[in-house]
Amino acid sequence: SLHDALPICLPGETPETLRTTSDFIQELGLDEMNISKFSPLHGAPIWDECAAGVGGEMIEDWFLRHRGPYETVFVRDPVPLGTGGALAHAMPLVRSNPFLVLNGDSFCEIDPERLLRFHTRKRARATIAVTHDDTREDTGMVALGEGDRVVSMVEKPRTRTANYHNAGVYLFDRAVSRLFPDRPAWSLERDLFPQLVTQQLYGFVTASPLHDIGTPERLAHFREIWKDTSAYFPASLLHQTQGSMSR
C-alpha cells in the first residue's frame, strides 16, 4: 500500500488551490493520506498567522466535503513546527513503508508507480523527484551524480550551480526517522536532506514542469497554462521518460 503525508494550509491557500491539490492526490491511487497543516519556523513572517490556527478549519471542512477514494487523517501541530517537525509529528500515524510526502503549494505531474519502482530498484533511503526547468529560480537546487545519486542539495540558493530543481515530491523509507533532529521545529530541506546526501538519496528525474500554486495569482497563472495542452508533453511520454533522463 502507498501512504502520503501532505502539508497544506500555506500562505494564500484557497478552496481553489485545495481543489487542484485534491484532484492531483486522487490520481495517485493512495490507500491512505495524512494531512498536516503547514507551519513556518519561528520568526517567519507568517508565524503569528499560523500560530493562531488561521485556515485549519477551512482545510478540514473542504476535504471532509470532498472525500476521495482514500482514508483522510488530519494532524494539527500544537505549535508551528516547520516542514520537518510537522512530518515528525505525523509519523505515529504513518503505516506504510515507504511513504510519500508532497508539498501542498506546488504541482508537478509524477507517475507514482514509476517513482516507487525507481525507489525500490535503487534500494534508496529516500528519493526526491527533480525536474529540469530553466524558468524557475525560487526552488531547491539539486545536483545528481552517477546512477542518479544526489550529490548535493541546497534550498533556494542565491546562485544556482546545478540544473535540477526540487519538485517537492519525496518517497521516504521509515528508517530515515532515525535521522530526524531532536527538537520540535525543523526543516526537511535544510536539516534532513543534507544528512541524506551521505546516505542512499536518489533523484527521480521527470520531464514534467514544476508549477507554484501557493498564491491565488500563481494558481490563476497555472490554470491558464493547464488549458494550453501545447505547454505539456503527452502524459504517456512524460511517464515513459520519468525515472532517469540518462537512460
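Keep in mind it's a predicted model, so treat the numbers as computed, not measured.

> Which parts of the structure should I look at to understand the pairing of strand β10 (residues 201–206)?
Regular strands have side chains that alternate between both faces of the sheet. With six of six residues buried, β10 lies mostly within the body of the structure. Sheet analysis places strand β6 (residues 126–132) next to β10, joined by six bridges and oriented parallel. The residue of β10 that forms the bridge with A126 is L201.

> Looking at this model, I keep getting lost on the packing of aromatic side chains. Mind explaining?
In this structure the tally under the stated criterion is seven aromatic pairs. Ring centres of F107 and F222 lie 5.2 Å apart, and the angle between their planes is 50°; on these two criteria the pair is classed as tilted. Remark: F222 occurs in helix α7 (residues 216–227) and F107 occurs in strand β5 (residues 106–107); sequence separation between them is 115 residues. By relative accessible area, which is 8% here, F107 ends up buried. Here the aromatic residues F99, Y170, F172 and F193 are joined through ring pairs into a cluster of three or more.

> Help me understand the pairing of strand β7 (residues 141–144) in this model?
The pairing of β7 with strand β8 (residues 150–154) spans four bridges and is antiparallel. When the sheet's bridge partners are listed, M141 is paired in β8 with V154. The turn linking β7 back onto β8 is made up of five residues, and G147 within it adopts a positive phi angle of 70°. Sheet analysis places β7 next to strand β9 (residues 164–172), joined by two bridges and oriented antiparallel. The residue bridging V142 from the neighbouring strand is Y164, located in β9.

> In this structure, what is going on with the confidence of the model for the chain? I would like to understand it.
When pLDDT is averaged along the chain, the result is 75, and 63% of the positions lie at 70 or above. Between residues 39–48, whose pLDDT stays under 50, and residues either more than four places distant or in other chains, the model counts 21 contacts.

> I keep staring at the pattern of salt bridges and nothing clicks. Help me out?
Opposite charge on two side chains makes pairing possible when the charged atoms of those side chains draw close. The tally for this structure, following the rule as stated, stands at four salt bridges. A salt bridge links R114 to D111; its shortest N-O distance comes to 3.9 Å. On the accessibility criterion, R114 (28% relative accessible area) is partly exposed. Residue classification places D111 among the buried positions, given a relative accessible area of 13%.

Reading the values: rules and limits
- In this convention, every chain numbers its residues from 1, walking through the sequence in written order.
- Confidence filtering applies because this is a predicted model: local features only for residues at pLDDT of at least 70, side-chain atom pairs given and counted only at 80 or more, and all residues used for totals across whole chains, interfaces and linings.
- The side-chain values count all of the structure's non-hydrogen atoms but skip hydrogen atoms and water molecules.
- The buried label goes to any residue with under 20% of its type's maximum accessible area, the exposed label to any with over 50%, and the partly exposed label to all in between, with areas taken from a 1.4 Å probe on protein chains only.
- Numbering of helices and strands runs from the N terminus, with a helix taken as a DSSP run of H or I at least four residues long and a strand as a DSSP run of E at least two residues long.
- Pairing between two strands requires that DSSP report at least two bridges joining them.
- Under the pairing criterion, centres of Phe, Tyr and Trp rings, with the six-membered ring standing for Trp, must be within 6.5 Å; the plane angle then separates stacked pairs below 30 degrees from edge-to-face pairs above 60, leaving the rest tilted.
- Values of pLDDT, ranging from 0 to 100, describe the predictor's confidence in every residue of the model.
- Two residues form a contact once any of their heavy atoms are found within 4.5 Å.
- By definition, a salt bridge exists where a carboxyl oxygen of Asp or Glu is found within 4 Å of a side-chain nitrogen of Lys or Arg.

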